[in-house]
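Residues per chain are reported as follows:
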Amino acid sequence: MRLVLVGAGGHGKAVLDLLLAAGDHEVVGVLDEAPRAPALLGVPVLGGLDLLARLRAEGVALAAVAVGDNAARARLGGLLLAAGYALPVLRHPAALVSGHATLGAGVVAMARAVIGPEARVGDLALVNTGAIVEHDCVVGEAAHVAPGAVLAGGASVGARAVIGAGAVLRPGVAVGESALVAAGAAVAAPVPAGARVGGVPARPL
Ligand SMILES: CC(=O)SCCNC(=O)CCNC(=O)[C@H](O)C(C)(C)COP(=O)(O)OP(=O)(O)OC[C@H]1O[C@@H](n2cnc3c(N)ncnc32)[C@H](O)[C@@H]1OP(=O)(O)O
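Quick notes on the rules
Residues numbered from 1 in each chain as written. Predicted model: local features only at pLDDT ≥ 70, side-chain atom pairs only at ≥ 80, totals over all residues. Heavy atoms only, no water. UniProt positions renumbered as here; feature names shortened; annotations may be inferred. Helix = DSSP H or I, 4+ residues; strand = E, 2+ residues; numbered from the N terminus. Polar contact = N/O pair within 3.5 Å; in protein donor to acceptor, adjacent residues only side chain to side chain. Core = buried A, V, L, I, M, F, W, Y, C linked by side-chain atoms within 4.5 Å. Buried < 20%, exposed > 50% of the residue type's maximum accessible area, 1.4 Å probe, protein only. Contact = heavy atoms within 4.5 Å. Expected span 1.5 Å × (residues − 1). Arc of directions from axis to C-beta. Near = heavy atom within 4 Å. Areas by Shrake-Rupley, 256 points an atom, 1.4 Å probe, with all protein chains shown as cover. Nonpolar A, V, L, I, M, F, W, Y, C, P; charged D, E, K, R; others polar.

The protein chain carries the name Acetyltransferase in an unreviewed UniProt entry, which gives Roseomonas acroporae as its organism. For the record of the protein chain, the UniProt heading Sequence similarities (unreviewed entry) holds the text "Belongs to the transferase hexapeptide repeat family."

Okay, structure coming up:
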């Protein structure tokens, strides 16, 4: 089915690469309010979000939000749903997703991401390259598990939280909404909503 991609930055490039590798959708173009180039990986950058209504009227029914900032991704996802688009789950062909995991609308699982059985990943969450979301984990809406991060079994990540690259959450530990775990941290204790922690073991930054 035809799909429009929103976001022509670095994350847009990564999501477009996933779409081209998967081959499940025909990408009609990329939208961006401040495009840096006329095309992304050979796909035309058509213009800004004002084109959403026209594309929908032309029968484009699917959209993907490819913006790395969690709050912006959540906002844009709402805007796309309101404009009548559906947000498919996007799985790189080299992602390993359990048939017993639950993925919300617009979830992106990049190459080498692993999502285990009975894990639940909320709408618009991003499980980035090589990240591991083990069995029974919960990843909140529009959260980001960055490249190489590991969520051990039963850990949870609140909505819009960021788990930085290479960080590790111990089994069952909870990270609150909009919290930030720095790259390379080892999280051994719960992280309150909105907190910023880093280091081994992770402490407030
Ligand atoms: C495909 C992709 O690339 S997806 C991108 C994924 N993104 C990430 O994983 C990035 C996660 N971000 C980080 O880890 C960042 O370093 C942050 C958010 C923790 C800090 O960034 P900033 O707010 O810019 O802070 P800044 O770099 O100025 O550092 C502030 C202090 O924190 C320390 N600090 C920075 N990063 C870390 C870290 N990962 N672990 C421990 N301490 C850190 C710095 O050494 C500095 O300490 P000092 O004040 O004693 O000198």
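A.B. asks: Looking at this model, I keep getting lost on the UniProt feature "active site" (unreviewed entry) in the protein chain. Mind explaining?
C.D. replies: Here the UniProt-annotated "active site" (unreviewed entry) positions come out as H135. Along the chain, the position of H135 falls in the loop between β13 (132–133) and β14 (138–139). A polar contact is formed between the side chain of H135 and the side chain of D136, at a distance of 2.7 Å.

A.B. asks: Would you explain the nonpolar core in this entry?
C.D. replies: It is characteristic of soluble globular proteins that their nonpolar side chains tend to be buried jointly. Within the largest apolar cluster, 36 residues are counted, with the highest numbers of intra-cluster contacts made by I115, V133, L151, I163, L169 and V175. In contact with L169, other than residues within four places in its own chain, are V150, L151, A152, A155, S156, V157, I163, V175 and V187. Among the nonpolar cores identified, the runner-up in size contains 19 residues, and L3, L16, L40 and L62 belong to it.

A.B. asks: Would you take a moment to explain helix α3 (residues 70–82) for this structure?
C.D. replies: In an α-helix, one turn spans 3.6 residues, which is why side chains three or four residues apart end up on the same side. Taking 1.5 Å of rise per residue, 13 residues should cover 18 Å, and α3 covers 19 Å from first to last C-alpha, within 8% of that figure. Those residues of α3 that fall on the buried side of the exposure criterion are N70, A72, R73, L76, G77 and L80. Viewed along the axis of α3, the buried residues span an arc of 150°, placing them on a single side of the element. Turned more than 90 degrees off the buried face of α3, the exposed positions are R75 and A82. Next to the buried residues of α3 lie β1 (2–6), α2 (52–57), β5 (62–65), β12 (126–127), β15 (144–145) and β18 (162–163). Its side-chain oxygen at 3.4 Å from the backbone nitrogen of A71, D69 defines the N-terminal cap of α3. Note on α3: the residue one or two positions beyond its end, G84, has a positive phi of about 95°.

A.B. asks: In this structure, what is going on with the UniProt feature "binding site: substrate" (unreviewed entry) in the protein chain? I would like to understand it.
C.D. replies: The UniProt entry lists G68 under the feature "binding site: substrate" (unreviewed entry), expressed in the numbering used here. On the secondary structure map, G68 appears in the loop between β5 and α3. Residue contacts for G68: discarding those within four places in its chain leaves H11 and R73.

A.B. asks: What is the right way to look at the site of the ligand in this model?
C.D. replies: Near the ligand you find N128, H144, A146, P147, G164, A165, L180, A182, A183, R196 and L205, and these make up its full shell. A165 is positioned with one of its backbone polar atoms (N or O) 2.7 Å from an oxygen atom of the ligand. A distance of 2.9 Å is found between a nitrogen atom of the ligand and a backbone nitrogen or oxygen belonging to A183. Protein coverage of the free-state accessible area of the ligand, which is 980 Å², stands at 35%. Its residues placed into classes, the shell around the ligand shows seven nonpolar, three polar and one charged.

A.B. asks: What should I look at first to understand unusual backbone geometry in this one?
C.D. replies: Most peptide bonds adopt trans geometry, and most residues besides glycine take a negative phi value. Look at the link from V200 to P201: it is a cis peptide, with omega at -5°. Backbone geometry places E118, a non-glycine residue, at a positive phi of 60°. Topologically, E118 is positioned in the loop between β10 (114–115) and β11 (120–121). Located in the positive-phi region is D136, a residue other than glycine, with phi close to 65°.

A.B. asks: I keep staring at the environment of V67 and nothing clicks. Help me out?
C.D. replies: Tracing the sequence through the fold places V67 in the loop between β5 and α3. Sequence spacing of V67 and L5 is 62 residues, and the spatial spacing of their C-alpha atoms is 9.9 Å. Dropping the residues within four chain positions of it, V67 is found in contact with V6, G7, H11, A72, R73 and L76.

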